[in-house]
Amino acid sequence: MSTVKLTVNGKAVSAEVEDRTLLVHLLRDHLNLTGTHVGCDTSQCGACVVHIDGRAVKSCTVLAGQAAGANVTTIEGIARGDELHPMQAAFRDNHGLQCGYCTPGMIMSAIDIVHRHGGELDEATVREELEGNICRCTGYHNIVKAVLDAAGRMKVAQAAE
Amino acid sequence: MYETTYHRASSVDEAAALFSKGSDAKFLAGGHTLIPVMKQRLASPSDVIDIGKIKDLIGVQLSGDTLVIKAATTYYDIMTNADVKKAVPAIAHLTSVLGDPAVRARGTIGGSIANNDPAADFPAALISLGATVKTNKRSIAAEDFFKGLFTTALEDGEIITEVSFPVPEKAGYAKMRHPASRFALTGVFVTKTKGGDVRVAATGASQSGVMRVSAIEAALKSNWSASALDGVSVSASGLLSDIHGSADYRANLVKVMAQRAVQAAG
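Residues numbered from 1 in each chain as written. Chains lettered and ligands numbered in written order. Predicted model: local features only at pLDDT ≥ 70, side-chain atom pairs only at ≥ 80, totals over all residues.

**Re the domain arrangement of chain A**
All names here are of chain A. If you check the domain split of chain A, you get domain 1 (2-77) and domain 2 (86-160). Using only C-alpha atoms to locate each centre, domain 1 and domain 2 end up separated by 21 Å. Each side of the interface is counted separately: domain 1 has 15 residues, and domain 2 has eleven residues. Here the side of domain 1 that touches domain 2 gets three residues from one element, more than from any other, and that element is strand β3 (residues 49-52). Of the residues that constitute the side of domain 1 that touches domain 2, the class distribution is seven nonpolar, seven polar and one charged. (Domains from an automatic or database assignment. Contact = placed C-beta atoms within 7 Å. Helix = DSSP H or I, 4+ residues; strand = E, 2+ residues; numbered from the N terminus. Nonpolar A, V, L, I, M, F, W, Y, C, P; charged D, E, K, R; others polar.)

**Some words on the nonpolar core**
Residues and elements named next belong to chain B. Ranked by internal contacts, the top residues of the largest apolar core, which has 133 residues, are Ile49, Ile51, Val188, Val190, Val254, Ala258 and Ala261. It is helix α11 (residues 247-265) that contributes the most residues to this core, eight residues altogether. The contacts of Val190, once residues within four sequence positions are left out, are Ser128, Ala171, Gly172, Val200, Leu220, Ala258, Ala261, Val262 and Ala265. (Core = buried A, V, L, I, M, F, W, Y, C linked by C-beta atoms within 7 Å. Buried ≥ 20, exposed ≤ 12 C-beta atoms within 10 Å, placed from the backbone.)

**Side note on the packing of helix α3 (residues 103-117) of chain A against helix α5 (residues 141-160) of chain A**
Residue and element names in this part refer to chain A. As a packed pair, α3 and α5 sit with axes 10 Å apart at the nearest point and diverge in direction by 45 degrees. Judged on the interaxial angle alone, α5 and α3 are oblique. As α3 packs across α5, the resulting crossing turns out to be right-handed. Only Ile143, Val147, Ala150, Ala151 and Met154 of α5 make contact with α3, whose side of the interface consists of Met106, Ala110, Ile113 and Val114. Each residue belonging to the contact of α3 with α5 can be placed in one class, and the counts come to nine nonpolar, no polar and no charged. (Axes fitted to C-alpha atoms, helices over the stretch in contact; angles between N-to-C directions. Parallel < 35°, antiparallel > 145°, perpendicular 65-115°, else oblique. Left-handed = near helix turned anticlockwise from the far one by under 90°.)

Here's what the structure looks like:
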């Protein structure tokens, strides 16, 4: 057992976990942040994507100990109070989800995509960049629309800041 | 996953010392091979030694005709690095078609070559470019480093510190990706060195891991062009044959990917 200290959604947290604990289980089972999902548990589906120090990663393939000292953001940490993050709002407005299981990972990956491309995105790029996130309901069409919509909103929001 | 003890090393020497204390220790950098293998219970190290945050193992340096990529540099940091893009754009391309964005944020060049998966991308780049692998003990030429499926020249407890690539005159990489795993069904890296030599390496094709392709090298040496390979045939002997593709299919892919790689190299 080890004590792992890290920052999650802006708050300093610490958890007593076995060394074999995965980051996703630390988040879900120890911190009760169950928005991050485990889909395939084999680094393929992307339902577990969170941000570590600003980069989208698959939290099912990171040991909790590897995240010690890191700044982790989960789906629970992106809205500002009652105001949805522009990516969340765009997923809702574009009907970018059906069952919702993949959605937290989709949104965390999509935010990272917009950040890395500085809002300059086209459909082909979004499809290519989302290859590590699997959705079995939507056929991706509205997810791609949502990401493109959010890229515009995030650019506007950034310009206003 | 079986129980293990996690250690984070802050220097290469500390990592080596921790390794020698463990009964069956393993090094971890990005963890994108070791952790899945531990989950499958195909590996059950007593100790996992995290070398992914050792500062001396991260970064890229270009000096003269040598590009050095340190072992724990992530794929994302490689593909976006200005020196890599300038000196060997084929490496930046190779890294950009490896895994998916979240995998590229964690996986490292050192981890890829230490694992030596027969369908991994980087072994082809090292062999084709004539790279040298540096460890905490010695320097190993790429030709001597890769020893077959999941096997390398690394000794127990030896740590890769960096890979050094001679900057080529031209180089290109083309890969037929498996659509689900994104591993190379077959990938080919072609290099024309500044000395005029041609070296071609294929990954995902051979039963014994990364391989040189002498028939293609000979054809490209006399005429560096995709059409020079039109009449070349690659032997299917010793090539992988599985549900994804027969040996004959892969033999043809080696040629087609080599042609695309030459086109990419210009």
